[in-house]
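Structure at a glance
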Amino acid sequence: MEKTPENVSQQAAAAEAPLKLLGSWASSYTHRVQLALRLKGLEFEYAEEDLGNKSDELLRLNPVYKKVPVLVHGGRSLPESVVILQYLDDAWPHIRPLLPSDPFDRALARFWCHFADDKLGPAVGAVFASTGSEQEAAVRQVHENLALIEAELREGAFKGRRFFGGDEVGILDVVLGCGSYWLAVFEEVMDGVRLVDADAFPLFHAWLRGFEALDEARDTIPPVDRLLGYARGVRHMLLGLAGAGDGAAAPTAAAEATAPVPAPAATDIAVDI
Amino acid sequence: MSPPVKLIGAFGSPAVHRAEAALRLKGVPYELILEDLENKSELLLKSNPIHKKVPVLLHGDRTVCESLVILEYIDETFDGPPLLPADPYDRSMARFWAHFIDHKCAKPFMLSMWSEGETQKESMKESKENLAFLEEQLIKRKKRFFGGDSIGYLDIAACGMAYWLGVIQESAGVSLASGEEFPALRRWAEEYTSDEAIKPCLPDRDKLLTHYVANIDKYRLMVKAPPA
């Protein structure tokens, strides 16, 4: 876009407008946006949503999905975490970019963000919602997905990097990082399930430790004991509603059932990465 | 001088059309390599080992997979009219609606066409709701296209609505909406499919219809299968 004096000042004015984030404390998608805002050093107002009793504001601002997170900037609302992250870069291009500058590197970052949300996330969710042989199959799927990422770290697009973004965290670190903490939490909740083995996925493991050590990540990711309590509750509810264990159906069933307060609908549970 | 561009595609794929449309609008010459998806080539399997799908853009030694990722890559790499809007919020909403089309619209539409009974009924209801969202977006903009006065990223992303929807409905003998419904989308579809840059990369309608009719049993079986 051409930087005429007029649109530079429009952008500057827009950048000054207040930011508000509607989110949920246990939603990894919400964490992505909180983390990105912190990395960019942007002030924002945060509004916690009770996903079992969604506010009129949320339903109005995200009529398509009725989900968190939703970012409101200068009166305009944006849902979908990966869309929001790219918006933050477009609206504040000079502050700590989340996407690389080269078009091909950007394409790679976007591809892997989609992989995280379309493949890895649902696979992890499936592990959490199932038992027995179904769960074993889901665990294998998670391992296959992690192996692909491990391969990129070892010899592919992200070879030799400290973070997916390079020396600094970028969009893919934020997307994968805010959600990967569930891997260890789920392992704890479900005895005998190994999701992210340090021996099988040494580079992914090392990256995750590095990510979780960042100040901004520590400020954003809830304490492990809170996550554990939450996960135990969800697991209990999913298994209770699934009955004999049609794993794939459980999240939908949970969403339709009258969930005991304050358990959120399963479709909102950010169990996917 | 930019290295040559090749596009691995397949007949009838709306995702492949997206990539072709973008290249044509930017005036970028490219070689189209057509795949037989029942018998995928070494090149395709090597270029997109993770998903093994088309389209795949080959630009010099770079490989870009996934149609929406390819659209942005084309927009950012080549000169020519911008595909995404300039305003950050409008860019984001274009991305949002493209994601909506791929993630929320696709499955209910397929179920509307190829399932039966209660599932089909529910899916048709959901598909119409989805179309209503897009109709609303088009009306709000008060322009010829989602992208404004000229075709942009979201128009290209929505190509399935413009062309494939009609063909597939005809092949399945299922009609989602009456002739009166969604007038803005109908007008837009007409504008999009008759555009000089777009027309040449739309698959022949008769051939496409034949393709969908021939494969209908396969699609009906596919929607019965449990989610992958």
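What you are looking at is a predicted structure, and each value in this text was computed from that prediction instead of being measured.

Cut-offs applied
- Residues numbered from 1 in each chain as written.
- Chains lettered and ligands numbered in written order.
- Predicted model: local features only at pLDDT ≥ 70, side-chain atom pairs only at ≥ 80, totals over all residues.
- Heavy atoms only, no water.
- UniProt positions renumbered as here; feature names shortened; annotations may be inferred.
- Helix = DSSP H or I, 4+ residues; strand = E, 2+ residues; numbered from the N terminus.
- Pairing = 2+ DSSP bridges.
- Axes fitted to C-alpha atoms, helices over the stretch in contact; angles between N-to-C directions.
- Contact = heavy atoms within 4.5 Å.
- Disulfide = S-S within 2.5 Å.
- Buried < 20%, exposed > 50% of the residue type's maximum accessible area, 1.4 Å probe, protein only.

1. Describing the UniProt feature "domain: GST C-terminal" (unreviewed entry) in chain A
Summarizing the sequence annotation, UniProt attributes the feature "domain: GST C-terminal" (unreviewed entry) to residues 102–237 of chain A in the numbering used throughout. With 74% helix and 0% strand, residues 102–237 of chain A has its two end C-alpha atoms placed 45 Å apart.

2. Comments concerning the UniProt feature "coiled-coil region" (unreviewed entry) in chain B
Under the local residue numbering, the UniProt record ascribes the feature "coiled-coil region" (unreviewed entry) to residues 117–144 of chain B. Along residues 117–144 of chain B, the helical share is 89% and the strand share 0%, with 37 Å between the first and last C-alpha atoms.

3. Structural notes on the sheet that holds strand β4 (residues 76–79) of chain A
Residues and elements named next belong to chain A. Taken in spatial order, the four strands make up an open sheet running β2-β1-β3-β4, and their pairing is mixed. In this open sheet, the two edge strands, each paired with only one partner strand, are β2 (45–48) and β4. Averaged over all neighbouring strand pairs, the angle between strand axes comes to 20°, with direction disregarded. As paired strands, strand β3 (residues 70–73) and β4 are joined by four bridges and run antiparallel to one another. Bridging across to β4, His-73 finds its partner in Arg-76. Taken strand by strand, helix α4 (residues 81–91) contacts β3 and β4, and its axis lies near 125° from that of β4.

4. Regarding the state of the cysteines
Two cysteines form a disulfide when their sulfur atoms are joined by a covalent bond. Residues and elements named next belong to chain B. Using the criterion set out here, one finds zero disulfides over all chains in the structure. Unpaired in terms of disulfides, Cys-159 finds its nearest cysteine sulfur in Cys-201, a separation of 8.9 Å. Taking relative accessible area as the criterion, Cys-201 reaches 6% and is therefore assigned buried.

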